[in-house]
Amino acid sequence: MEKLRLTVYSDPVCIWCWGSEPLMRALETHYGKLLSVQYVMGGLIKHIDDFYDPQNAIGDVASEEFNKQVTRHWEEAQHIHGMPVRADLFDLYSDEYPSTYPQNIAYKAAELVNPDLAPIYLYRMRKAVSTQGKAISHEDVQIELASEVGLEISAFIQHLKDGSAEKAFHKDLAKTQAAGVTGFPTLEIAYKDQSLLLNGYRSFTEIASVIDYISKGAVKPREVHLSKDNLVELLRKHPVMTLKEVQIAFDIPTIAQTEVLLEDWFKDNTISKETVGQSYFISLSHPQKSYSCDPETGICHF
């Protein structure tokens, strides 16, 4: 069967893109190999001096007040999308770093090094800025996170420094503009010669309906259920996940029920937790890592 093509127009700092991570997990569990995903970096904020969001009262202020405005919006957003947020730690923008472009460029560097690890790196940047207050505009932080997810650091730095990542990002900007995308996240869903562009935060039910429509019923979601094997399989692809991602990925009615279902696997040490505010991330307690070394460069990595 022909694959369903999903293009995700995004930005590492967009709070609604962070809120859409559970949707991405659900699409993976329900459509599996029928789905191909491409991320396009759209550059949310070129410069805070030129950014104005009247709906959420963000913009037209100095960097310190801009951070406070973003904090208020993030606190409101987390009650809607359910992903953990530490808005009290947010302090990203400054006179020296007034843009989200550096983070977009860092993603493109990761993609040039290893396309398979790039989405994991994007998630790690989102987690860092949304729950840890990390200054992901800074190259040293970008490099630290790249190392954490297993990217080859020498190649990553080279792409940051030689202009290749920036060039790739500007291609993404051109594609974003050509598609008529004006906000993030925006999803372009395509099947054969049919496609549809959806702007904004969406539920899995909405997206499944669109997929059914554009595929004329040819692409159907499979039934999923939460089991230890299914959870471990997903965690091997996504080493860290939130409760909300597990809930939506496996069609569990509530967060409370999700916690109950996970209890036995915490007890038998299959998974462990990292607390964030009133929620937590989960990961495998003993993750399997693939380790390899390049005999020519002498570089070894997971």
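Look up: the structure comes first, before these words.
Keep in mind the model is a prediction, meaning the values are calculated, not measured. (Residues numbered from 1 in each chain as written. Predicted model: local features only at pLDDT ≥ 70, side-chain atom pairs only at ≥ 80, totals over all residues. Heavy atoms only, no water.)

Trainee: Outline the nonpolar core, listing residues and values.
Mentor: By size, the foremost hydrophobic cluster in this structure holds 74 residues, and its most contacted members are Leu-27, Trp-74, Tyr-93, Tyr-121, Ile-136, Phe-156 and Ile-189. Ranked by residues supplied to this core, first place goes to helix H5 (residues 118-131) with eight residues. Aside from chain neighbours lying at most four places away, what touches Tyr-121 is Ala-106, Tyr-107, Ala-110, Gln-142, Leu-145, Ala-146, Val-149, Leu-151 and Phe-156. Counting residues in each nonpolar core, the second largest holds 17 residues, with Val-246, Ala-249, Ile-252 and Leu-262 among its members. (Core = buried A, V, L, I, M, F, W, Y, C linked by side-chain atoms within 4.5 Å. Buried < 20%, exposed > 50% of the residue type's maximum accessible area, 1.4 Å probe, protein only. Helix = DSSP H or I, 4+ residues; strand = E, 2+ residues; numbered from the N terminus. Contact = heavy atoms within 4.5 Å.)

Trainee: Outline the packing of helix H4 (residues 101-113) against helix H7 (residues 153-161), supporting the account with residue identities and numerical values.
Mentor: As a packed pair, H4 and H7 sit with axes 9 Å apart at the nearest point and diverge in direction by 130 degrees. Classified by the interaxial angle, the pair formed by H4 and H7 is oblique. Note on packing geometry: the crossing formed by H4 with H7 is right-handed. Taking contact as the criterion, the partners of Ile-105, Ala-106, Ala-109, Ala-110, Leu-112 and Val-113 in H4 are, on H7, Ala-155, Phe-156, His-159 and Leu-160. (Axes fitted to C-alpha atoms, helices over the stretch in contact; angles between N-to-C directions. Parallel < 35°, antiparallel > 145°, perpendicular 65-115°, else oblique. Left-handed = near helix turned anticlockwise from the far one by under 90°.)

Trainee: Lay out the environment of Thr-7 with the relevant residues and their values.
Mentor: Within the secondary structure, Thr-7 is located in strand E1 (residues 4-10). When the C-alpha atoms of Thr-7 and Ala-190 are compared, they prove to be 8.3 Å apart, with 183 residues separating the residues in sequence. Setting aside residues no more than four positions away along its own chain, Thr-7 makes contact with Gln-38, Val-40, Thr-186, Leu-187 and Glu-188.

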